[in-house]
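Inside the fold
Each chain, written out:
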Amino acid sequence: MKKFIKWVFSGWMLILFFIGFFLFWEYSIPLFDIPRYILPSPSEIVLKGSADLDKLIYYTGVTALETVLGYIIALILGVGFGIAISFSSILRRTLYPFFVSIEMTPKIAFAPLFISWFGFGLMPKVIIVVLVCFFPIVLNAILAFNSLSNELTLFYQSTGASRLKTFFSIRLPAALPQCFVGFKYAAINATVGATIAEFIGSDKGLGFYISIVTGNMRPDLAFAGIFFLTVLGLTIFGFVTMMEKILIPWHISMKRINK
Amino acid sequence: MKNFIEVTELKKVFGSGEDEVHAFGPATININSGEFVSVLGPSGCGKSTLMLMVAGLLDSTSGKVEFEKKLVNGPKTDIGIMFQDNTLVPWRTVKGNIELQLELRGLNLKDYQEQINNILKSVNLDDFADRFPNELSGGMQQRAAFCQAMIHDPKIILLDEPLGKLDAMTREKIRADFQKLWMVKKPTVIFVTHSIEEAVQLSNRVILITPRPGKIDREIKIDLPYPRDLNVKRSPKFAEYVNSIQEVFHKYGVI
Ligand SMILES: Nc1ncnc2c1ncn2[C@@H]1O[C@H](COP(=O)(O)OP(=O)(O)OP(=O)(O)O)[C@@H](O)[C@H]1O
Ligand SMILES: [Mg+2]
């Protein structure tokens, strides 16, 4: 009960903070005489943005498709490679160091190349999203599947259980919390990747929209586009967090108690 | 059967070069079937190492372990083993954790429901069957782990300080229960403990290990009648055994 009150209270604090933030923004524009082509006020963003709503919604759909498609492909590839590398000593000595070294290159730097190879369509954007999401997922998955406690390893060995049974009864559930660290990190990367890919070369999507309206000196519309991007990012992240709560409730409650 | 378990010149050295740690041995131990043997020794003398080698979960540096003259060269699966750190998984309840042992062994859960209830009752955890390990105290977790290790009714039991985290009273009760179970089913038991009194109360024989690298200082046969209840524990002979063991460890400066 106490915890609940604390939670509501902290929730209200956040909402109050946001209201204060936007009020400050709204009234500091006339106060400091900031020209609207530099920074528009929130009310103006809402007003002008809603006139462009159809386009914004359509572009949100375009960017969402690229993001979600890329994220899902990265998820499948990342977990697949993660498991393969964890269980094969050959891959651990070849692919793993290769991935670690590639992790150091900023993947987004490949974006112009992909656009020039694959054109303006959906595919190069999806590939870029896959690229920025794959590494956090695969590296965390490798960590996850390699960090089983020594006792649990000895325990299942002493039962003589098959590798398959051990995998589903022990290794997989034990690995999920660490896997989700990668999934969440990748969920944040995903919209970033799609947006930048659209900046570089596209004819639709929120990234395209933002770069065009900024070029036309319309920061109000750019902010409207950023707002939709934020909503998209939050939705994806929220979905992944919800999946975490559903799949590993024991982990969430463990963290809560340890606080 | 005589010399059911034979440990011959068994030795373990971890690492190599500068990092080399001589953890245990060489030591020779013979255990008859149905015998209850305690292994007693100071911290770090290699008791856990010995137990893992007997269970086939750790390779020895030299020497061998045999069960009924058959060499152990991989994990032994026909045993019940309880490790020093518990093997409860956080995503299963107490009952689910006990069932994990059965599932991994491919046993039918339905056949064991009554046994699960009984063993939980015997360690006073029947009210906590549906709780998760992180909702239990350290001592309760240890009791749950004890149930997990014993549920498949093993004929060979290896326990590494199974009662270490329990309060004196619970400890006393589980000792008595375990002794009863041993008297009825006569499994072969290797019991690692820090408690001299516990070793004397439970065992046919106590093996005293020297400080690291652990070698066998001596073996003491405990000639007391079972069940060893309070009356036996108050007897002068019991105190004599405890004293003589204390003297050995006093000599090594560990007590
Ligand atoms: N995996 C390992 N790698 C290196 N050294 C180890 C390893 N396991 C144990 N040792 C060393 O071997 C020695 C014996 O360890 P062991 O765990 O068998 O002691 P123990 O008698 O069980 O002690 P305790 O009573 O504290 O549990 C210790 O010095 C320890 O540091
Ligand atoms: Mg130990």
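Along each chain, the written sequence defines residue order, and numbers are assigned to residues from 1. Key to labels: chains lettered from A, ligands numbered from 1, both in the order written. Under the rules for a predicted model, residues below a pLDDT of 70 receive no local features and side-chain atom pairs below 80 are neither given nor counted, while totals for whole chains, interfaces and linings still include all residues. Working from all heavy atoms in the structure, the side-chain values ignore hydrogens and water.

1. Thoughts on the overall build of chain B
A run of H or I in DSSP counts as a helix once it spans at least four residues, and a run of E counts as a strand once it spans at least two, with each numbered from the N terminus. A count of helices and strands for chain B gives eight helices and 10 strands. Relative to the globule expectation of 18 Å for 255 residues, the C-alpha radius of gyration of chain B, 18 Å, shows essentially globular dimensions. The C-alpha extent of chain B, read off along each of the three principal axes, is 45 × 45 × 35 Å. Buried means the residue's accessible area, taken with a 1.4 Å probe over protein chains only, is under 20% of the maximum for its type, while exposed means over 50%, and partly exposed covers the values in between. A buried classification covers 53% of the 255 residues belonging to chain B. Taking the contacts inside chain B whose residues are at least 6 apart along the sequence as the reference set, 67% of them involve residues at least 24 apart. Both definitions apply: the radius of gyration is a C-alpha atom measure, and the globule rule equals 2.2 Å times residues to the power 0.38. Residues count as neighbours in contact if any of their non-hydrogen atoms are within 4.5 Å of one another.

2. Re the environment of Ala 51 of chain A
Residues and elements named next belong to chain A. Turning to its location among the elements, Ala 51 is positioned in helix H2 (residues 42–51). Residue classification places Ala 51 among the exposed positions, given a relative accessible area of 71%. As for Ala 51 and Leu 221, which are separated by 170 residues in sequence, their C-alpha atoms are 9.7 Å apart.

3. What about the nonpolar core?
As a rule of thumb, soluble globular proteins bury nonpolar side chains together. Counting 75 residues, the largest nonpolar core has Tyr 71 and Cys 133 of chain A together with Val 54, Phe 67, Ile 81 and Leu 158 of chain B as its most contacted members. Among the elements that take part in this core, helix H6 (residues 122–146) of chain A stands out by supplying 13 residues, more than any other. Each of domain 1 (34–59 + 70–78 + 155–255) and domain 2 (88–154) of chain B contributes no fewer than three residues to this core. Setting aside chain neighbours within four positions, we find Leu 158 of chain B in contact with Met 51, Val 54, Ala 55, Ile 79, Gly 80, Ile 81, Met 82 and Ile 190 of chain B. Throughout, nonpolar core names a set of buried Ala, Val, Leu, Ile, Met, Phe, Trp, Tyr and Cys residues whose side chains join them through atoms within 4.5 Å. Counting 32 residues, the second-largest nonpolar core is a separate cluster that includes Met 82, Val 94, Leu 102 and Leu 136 of chain B. Segment limits for the domains were obtained from an automatic or database-derived domain assignment.

4. Regarding the coordination of the magnesium ion (ligand 2)
All names here are of chain B. Note on the magnesium ion (ligand 2): its protein donors are Ser 48 (OG) and Gln 84 (OE1). The metal-donor distances range over 1.9 to 2.2 Å. Of this pair, Ser 48 sits in helix H1 (residues 47–54) while Gln 84 sits in the loop between strand S6 (80–82) and helix H2 (94–104), and the two are 36 residues apart along the sequence. Looking at Ser 48, the relative accessible area reads 23%, which means it is partly exposed. Note that water is not among the atoms used; donors are N, O and S atoms within 2.8 Å of the metal (3.2 Å for Na, K and Ca), so sites may look incomplete.

5. A closer look at the sheet that holds strand S7 (residues 156–160) of chain B
Within a sheet, adjacent strands bond to each other through the backbone by hydrogen bonds, running parallel or antiparallel. All names here are of chain B. Two strands qualify as a pair provided that DSSP identifies no fewer than 2 bridges between them. Spatial ordering of the open sheet is given by S6-S7-S8-S3-S9-S10, a layout of six strands whose pairing is mixed. The sheet terminates laterally at S6 and strand S10 (216–221), the two strands that pair on one side only. Averaged over all neighbouring strand pairs, the angle between strand axes comes to 10°, with direction disregarded. Pairing of S7 with strand S8 (residues 188–193) involves five bridges; the strand directions are parallel. Residue Asp 160 lies in a different strand from S8, and its bridge partner there is Val 192. Along the sheet, helix H5 (residues 168–185) makes contact with strand S3 (36–40), S7 and S8, crossing S8 at roughly 160°. Angles shown run from 0 to 180 degrees and are taken between the N-to-C directions of axes, each axis being a line fitted to C-alpha atoms and, for helices, limited to the stretch in contact. The strands touched by helix H8 (residues 236–251) are S3, strand S9 (205–209) and S10; relative to S10, the strand with the most contacts, the crossing angle is about 175°.

6. Examining the site of ligand 1
Residues and elements named next belong to chain B. Consider each residue's heavy atoms; a residue with any of them within 4 Å of a molecule or strand counts as near. Around ligand 1 there are 13 residues in total, and Ser 43, Lys 47, Ser 48, Thr 49 and Gln 84 lie nearest to it. Polar contacts, as counted here, are pairs of nitrogen or oxygen atoms within 3.5 Å of one another; within protein the pair requires one atom able to donate a hydrogen and one able to accept it, and residues that are adjacent in sequence qualify only if both atoms are side-chain atoms. One nitrogen or oxygen atom from the side chain of Ser 43 is found 2.6 Å from an oxygen atom belonging to ligand 1. The separation between an oxygen atom of ligand 1 and a polar side-chain atom of Arg 212 is 3.4 Å. Each accessible area is a Shrake-Rupley result for a 1.4 Å probe, and residues are judged covered by the shown protein chains and nothing else. Out of a free accessible area of 630 Å², ligand 1 has 63% covered by protein chains. Nonpolar residues are Ala, Val, Leu, Ile, Met, Phe, Trp, Tyr, Cys and Pro. Charged residues are Asp, Glu, Lys and Arg, and all others, Gly as well, are polar. In terms of residue class, the shell around ligand 1 is built from three nonpolar, seven polar and three charged.

7. Topic: the pattern of salt bridges
What makes a salt bridge here is a side-chain nitrogen of Lys or Arg within 4 Å of a carboxyl oxygen of Asp or Glu, nothing more. What the rule picks out here adds up to 24 salt bridges over all chains. Several salt bridges converge on common partners, so that one network encompasses Arg 171, Glu 172, Arg 175, Glu 197, Glu 198 and Lys 233 of chain B.

8. Quick look at the domain arrangement of chain B
Residues and elements named next belong to chain B. According to the domain assignment, chain B contains domain 1 (34–59 + 70–78 + 155–255) and domain 2 (88–154). Put simply, the middle of domain 1 and the middle of domain 2, counted by C-alpha atoms, are 24 Å apart. On the side of domain 2, 12 residues touch domain 1, which itself brings 19 residues to the contact. Buried area between domain 1 and domain 2, both sides added, is near 1,200 Å², and the carbon and sulfur share of it is 58%. Among the residues domain 1 hides against domain 2, the three largest losses belong to Lys 155, Lys 165 and Ile 174. Together they make up 29% of the total. Applying the counting rule to domain 1 against domain 2 returns one salt bridge. Two residues, Asp 153 and Lys 185, come together in a salt bridge whose shortest N-O distance is 3.3 Å. Seen at the junction of domain 1 and domain 2, the total is six residue pairs in polar contact (both at pLDDT 80 or more). Buried area is understood as the total, over both parts, of accessible area removed when two parts are fitted together, assessed with a 1.4 Å probe.

9. Regarding the confidence of the model for chain A
Every residue carries a pLDDT, the predictor's confidence in it, which falls somewhere between 0 and 100. Mean pLDDT over chain A works out to 90, with 97% of the residues at or above the 70 mark. Of all secondary-structure elements in chain A, the lowest mean pLDDT belongs to helix H11 (residues 249–258) of chain A, at 67, while helix H3 (residues 53–87) of chain A reaches the highest, 95.

10. Looking at the interface of chain A and chain B
Tallying the contact residues gives 20 residues for chain A and 21 residues for chain B. Both sides together, the interface formed by chain A and chain B hides about 1,900 Å², and carbon and sulfur atoms give 72% of it. Taken together, the links from chain A to chain B amount to zero salt bridges. At the junction of chain A and chain B, the tally comes to two residue pairs in polar contact (both at pLDDT 80 or more). Looking at the side of chain A that touches chain B residue by residue, the class counts come to 11 nonpolar, seven polar and two charged.

11. Re the pairing of S7 of chain B
Note on strand geometry: in a regular strand, side chains alternate between the two faces of the sheet. Residue and element names in this part refer to chain B. Burial runs high along S7: five of the five residues are buried. Going residue by residue along S7, you find Ile 156, Leu 158 and Asp 160 tucked away on one face and Ile 157 and Leu 159 tucked away on the opposite face as well. When S6 meets S7, the two strands line up parallel, connected through three bridges. Note on S7: the bridge partner recorded for Met 82 is Leu 159. The crossover handedness rule: strands pointing away from the viewer, path from first strand over the helix to second strand clockwise, crossover right-handed. Once you follow S7 into H5 and on to S8, the crossover reads as right-handed.

12. Some details on helix H3 (residues 113–122) of chain B
Residues and elements named next belong to chain B. Listed in full, the buried residues belonging to H3 are Ile 116, Ile 119 and Leu 120. For H3, the buried positions fall inside an angular range of 100° around the axis, keeping them on one side. Elements in contact with the buried residues of H3: H2 and helix H4 (138–150). Just downstream of H3, Asn 124 is the residue with a positive phi angle, here 60°. Comment: arc refers to directions from the helix axis out to C-beta atoms.

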